[in-house]
Amino acid sequence: ELDAPLEALKWSPRTISVVLPCAEERDFALKTVKSFFDMTPADVLHEIVVVDDGSSPPLSQTHLNPDVQRQYKVKICRHERTVGLIGAKKTGGDAATGDILAFMDCHVAPQKNWYRDFLQLIGQNYRRMVVPQITALDIETWTQVGSGGGMSKCYVTWDGDFKWGGPEDMYMGMLSGGLAGMSKRWWDETGGFDDQMLGWGGENIDQGVRMWVCGGEIVAAPNAQVAHMWRTGSAKTSARYKHVGDTLKNRARAIYAWYGDFAAKLDDFPDFAGRKKREGNHWYGDMSNFQKVKDRLQGCRPFAWYLRRFKAVYEDGGILPPEIFMIREEKSGKCLHFKGHAGTSGSGHENVQLDDCNPNNNLFFWHLGNVNRKTGACCSGLRAWNTEQCFQGGIGRGKAGTGICEITGRNSQQHWALTEDGLLKSRDRCMGPGDKDDSLMEAPCVSFRSKGGARFTKQSVKVPIETELYRKAQREHPEAFELLNKQLQEASKSNSFGPAICKKEPGSCLAFFYSDGSQRCLDDEGQLAADKSSCAALRVVGQLVQRAETGDCLDTWSDQDPETWGFYGCHGFGNQQFAKEGVSRVCTTSQPQTCFLTQPWPVDAR
């Protein structure tokens, strides 16, 4: 049953099998084994299953000899040939017999009480996968670097890659890699890892989506920390095992297994499209084992349900954009051209320049992206379509730049918007034409007035295929989303975004729109902004208009210009006096009178 009651999912696990896939790790393997043995109570640690993935000579003849095995509860499974991390995990998971399987890497050190979250959280729901906080390991001392604050939350992209970030509650839609725990029962029911994936990469995408659409869930463990050796390029941290497998094929298998109609998005990514063209439509292999899992579980949810479940990422983070568009600079007639490629950037940042507009090139298309921290909804930036890169302003040499999107909206460098009056703007700074032909520069918005202004417009606006498919799924199968939508609506009541007073006193926060019909609203700087996502949250308190977040007051600056405003400490003199005129109109009491039309805040920017 996909939506089984929580009471039916509770149980009382007592033991943990730690599963370690090890290939030529030697000293690291022994140190990892000792760490788990020392950090786990004897009655909890059922066994440490070490899968020796083709090490030569075998680990059982060097670092994990029979005496070590007896002393540290080690069970060794041996592959004579290296099959890769995925196959090693599957062998270990199938062989383990503890109540809970904790899949770890062979170069980690669990921290004190690491196991408690695993027992507690999986005990609440046997279909729950638990991911620890992943911290850094000093391999010389085999101790954690610092006091923690590790990474764990990720989301999956259209091309089956993972990116750091996710919703702000305990739930997570995706795994970064191999550190996770689940019940042995759920492992058996969901089929474990795909036996046709070789090497490393893609299994996290398979497991991440599989958990959710087949009736399970993934949560971040708040207290369990596991220090992990990151491969830094040094000799000591470099991999010594034989590389096998095909990561691109693995990712394609995960996508074609679980994305459904959304797998068509792979045609937007040259690496995948090229493989399909060269090797045929089914280049990723036989998929019958996935169907067996779905049949055994009596069906799994559609991928659109998964996207809706993680609305905070895909809708609010802008990955399911209502529209995509080219951005044309009016003076040159040329468009912003993202100079990277579809998918993941190798360097983490790319250039943007003006080129002849080409609606047949996806790298000219942009869309809104990243959560607006004020409202919790989309959006606070601009994202290059089919990439993980967001616009970050000018970088000199007549170009602009991008960086990895911070989908939660916390990176202020990515707070750029194409406003309704044609400005490509971040606070008081704008992009505009540079000193040379077809060049770009970032400067204070007012500085472009002497150059005839800086105007950009949307071109070739269209709805992307991913959004069309998403809307179609909800339209044709509303029953699949009914319960989830109720849960999301209930969760939205405790939305942590926006000023606290707006949540404490619902309906008290307003957006102020200038009454000249221009649809411009006051932003947090007191400027009139055409971008509705910039509207400040304001409250009418007596004859004062206060900014909800800080409590300071809207001020006319005592001048005669009806378009200059600001916020200042409240003193109640005439330049801060306002009066209500009807339900949704607020005007200054001083002359010349200026009025605003109010709307409930937040305003839907879309």
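Each remark here, short or long, concerns the structure printed above.
All of the points below concern the structure found in this document. Since the structure is predicted, the reported quantities are computational estimates derived from the model, not experimental observations. (Residues numbered from 1 in each chain as written. Predicted model: local features only at pLDDT ≥ 70, side-chain atom pairs only at ≥ 80, totals over all residues. Heavy atoms only, no water.)

### Let's talk about the pattern of salt bridges
And then number 1: According to the stated counting rule, one finds 40 salt bridges in the structure shown.
And then number 2: A salt bridge links R78 to D52, with the shortest nitrogen-to-oxygen separation between them at 2.9 Å. Taken together, the positions of R78 in strand β3 (residues 74–79) and D52 in strand β2 (residues 45–53) put the pair 26 residues apart, joining distant regions of the chain.
And then number 3: Under the relative-accessibility criterion, D52 is labelled buried at 1%.
And then number 4: Its salt-bridge partner being E525, residue R427 comes within 2.3 Å of it at the nearest N-O pair. Taken together, the residues span a long stretch of sequence, with R427 in the loop between β20 (424–426) and β21 (429–433) and E525 in the loop between β25 (521–522) and β26 (528–529) at a distance of 98 residues.
And then number 5: For R427, a relative accessible area of 59% corresponds to the exposed category.
And then number 6: Note on E525: relative accessible area 40%, which makes it partly exposed.
And then number 7: Where salt bridges share partners, they join D52, R78 and E80 into one cluster. (Salt bridge = Lys/Arg side-chain N within 4 Å of Asp/Glu carboxyl O. Helix = DSSP H or I, 4+ residues; strand = E, 2+ residues; numbered from the N terminus. Buried < 20%, exposed > 50% of the residue type's maximum accessible area, 1.4 Å probe, protein only.)

### Digging into the environment of A180
And then number 1: Inspection of the secondary structure puts A180 in strand β10 (residues 180–183).
And then number 2: C-alpha separation for the pair A180 and T143, spaced 37 residues apart in sequence, amounts to 20 Å.
And then number 3: Excluding residues within four positions of it along the chain, A180 makes contact with L101, A102, F103, F118, M129, V130, V131 and P132. (Contact = heavy atoms within 4.5 Å.)

### Here's the deal with the sheet that holds β20
And then number 1: In spatial order, the strands read β19-β20-β21-β22; together these 4 strands make up an open sheet with antiparallel pairing. Both outer strands of the open sheet, β19 (417–418) and β22 (440–444), are each paired with one neighbouring strand and no more.
And then number 2: Bridging between β19 and β20 involves 2 bridges; their strand directions are antiparallel. Counted as the bridge partner of L418 is L424 from β20. (Pairing = 2+ DSSP bridges.)

### Examining helix α10 (residues 288–296)
And then number 1: Taken together, the buried positions of α10 are occupied by N289, F290 and V293. Projection of α10 onto a plane perpendicular to its axis shows the buried side chains occupying an angular sector of 105°, all on one side. The exposed residues of α10 that point more than 90 degrees off its buried face are K292 and D295.
And then number 2: In this structure, the buried residues of α10 make contact with α6 (184–190), α7 (203–213) and α8 (247–258).
And then number 3: Looking one or two places after α10, you find Q298, whose phi comes out positive at around 60°. (Arc of directions from axis to C-beta.)

### Here's the deal with the state of the cysteines
And then number 1: Here the structure, examined in full by the defined rule, presents 10 disulfides.
And then number 2: Here C378 connects covalently by a disulfide to C379, the sulfurs 1.2 Å from one another. Measuring handedness by torsion sign, the sulfur bridge of C378 and C379 sits at about -55° and is left-handed. Each member of the pair, C378 as well as C379, carries the same accessibility label: buried.
And then number 3: Across the disulfide, C502 is cross-linked to C509 (sulfur-sulfur distance 2.0 Å). For the disulfide bridge between C502 and C509, the dihedral angle about the S-S bond is near -90°, and by the sign convention the bridge is left-handed. C509 matches C502 in its accessibility class, with the two residues each being buried.
And then number 4: Looking at C77, it has no disulfide partner, and the nearest cysteine sulfur is the one in C22, 11 Å off. (Disulfide = S-S within 2.5 Å.)

### A few points about empty space enclosed by the protein
And then number 1: Inspection of every chain in the model, using the stated rule, returns 5 cavities of 30 Å³ or more.
And then number 2: In terms of lining residues, the largest cavity is bounded by 17 residues, among which T157, W158, R383, N386 and T387 are the most central.
And then number 3: Of the voids in this model, the second largest cavity is the one considered here, and its volume is about 80 Å³.
And then number 4: In terms of lining residues, the second largest cavity is bounded by 13 residues, among which M129, L175, A180, F193 and Q207 are the most central.
And then number 5: Elements with a minimum of two residues in the lining of the second largest cavity: β10 and α7.
And then number 6: For the lining of the second largest cavity, the leading source of residues is α7, giving 3 residues.
And then number 7: In terms of residue class, the lining of the second largest cavity is built from 7 nonpolar, 4 polar and 2 charged. (1 Å grid on protein atoms, 1.4 Å probe; cavity = no way out; pocket = protein on both sides within 12 Å on 5 of 7 lines; lining within 4 Å. Points joined across faces, edges and corners; volume = space filled by probe spheres on them. Nonpolar A, V, L, I, M, F, W, Y, C, P; charged D, E, K, R; others polar.)

### Remarks on the side chain of E329
And then number 1: Position of E329 among the secondary structure elements: in strand β12 (residues 324–329).
And then number 2: In this structure E329 is buried but unpaired, with K331 as the nearest side chain of opposite charge at 6.9 Å.
And then number 3: In this structure E329 touches K334, L354, P433, R455 and F456, once residues within four positions along its chain are discounted. (Lys, Arg positive; Asp, Glu negative; His and termini not counted.)

### Examining the packing of aromatic side chains
And then number 1: Scanning all chains against the criterion turns up 32 aromatic pairs.
And then number 2: Aromatic pair Y306 and Y314: ring centres 6.3 Å apart, planes at 50°, arrangement tilted.
And then number 3: Here Y306 falls in the buried class, since its relative accessible area comes to 1%.
And then number 4: On the basis of relative accessible area, Y314 is assigned to the buried category, the value being 2%.
And then number 5: Here the aromatic rings of F338 and W366 are separated by 6.5 Å at their centres, their planes lie at 90°, and the arrangement is edge-to-face. You can see F338 sitting in strand β13 (residues 334–338) and its partner W366 sitting in strand β15 (residues 366–371), a full 28 residues away along the chain.
And then number 6: Ring pairs connect the aromatic residues W158, Y171, W212, Y259, F262, F303, Y306, F310 and Y314, which therefore count as one cluster.
And then number 7: The residue whose ring lies beneath K458 is F325, and the NZ or CZ to ring-centre distance is 4.6 Å.
And then number 8: The ring of F567 carries the charged tip of R547 above its face, separated from the ring centre by 4.6 Å. (Phe/Tyr/Trp six-rings, centres within 6.5 Å; stacked < 30°, edge-to-face > 60°. Lys NZ or Arg CZ within 6 Å of the ring centre and 35° of its normal.)

### Brief notes about the pairing of strand β24 (residues 510–514)
And then number 1: Most of β24 sits out of view: 5 of its 5 residues are buried.
And then number 2: Where β24 meets strand β33 (residues 595–600), 5 bridges bridge the pair, whose relative direction is antiparallel. Residue pairing across strands places A511 opposite Q599, the latter belonging to β33.

### Some thoughts on the nonpolar core
Nonpolar side chains in soluble globular proteins generally cluster together in the buried interior.
And then number 1: Counting 73 residues, the largest nonpolar core has W158, I218, F262, F303, Y306, L307 and Y314 as its most contacted members.
And then number 2: With 6 residues, α8 is the largest single contributor of residues to this core.
And then number 3: Not counting residues up to four positions away in its chain, the partners in contact with Y306 are V156, G173, M174, G208, V209, W212, V213 and Y314.
And then number 4: Of all hydrophobic cores here, the second largest spans 35 residues; its members include F36, I48, F118 and L121. (Core = buried A, V, L, I, M, F, W, Y, C linked by side-chain atoms within 4.5 Å.)

### Structural notes on the pairing of strand β6 (residues 128–138)
And then number 1: Extensive coverage of β6 is indicated by the burial of 9 of its 11 residues.
And then number 2: Relative to strand β7 (residues 143–144), β6 runs antiparallel, the two sharing 2 bridges. Of the residues in β7, the one forming a bridge with D138 is T143.
And then number 3: Where β6 folds back onto β7 in an antiparallel hairpin, the turn is made up of 4 residues, including W142, whose phi is positive at roughly 55°.

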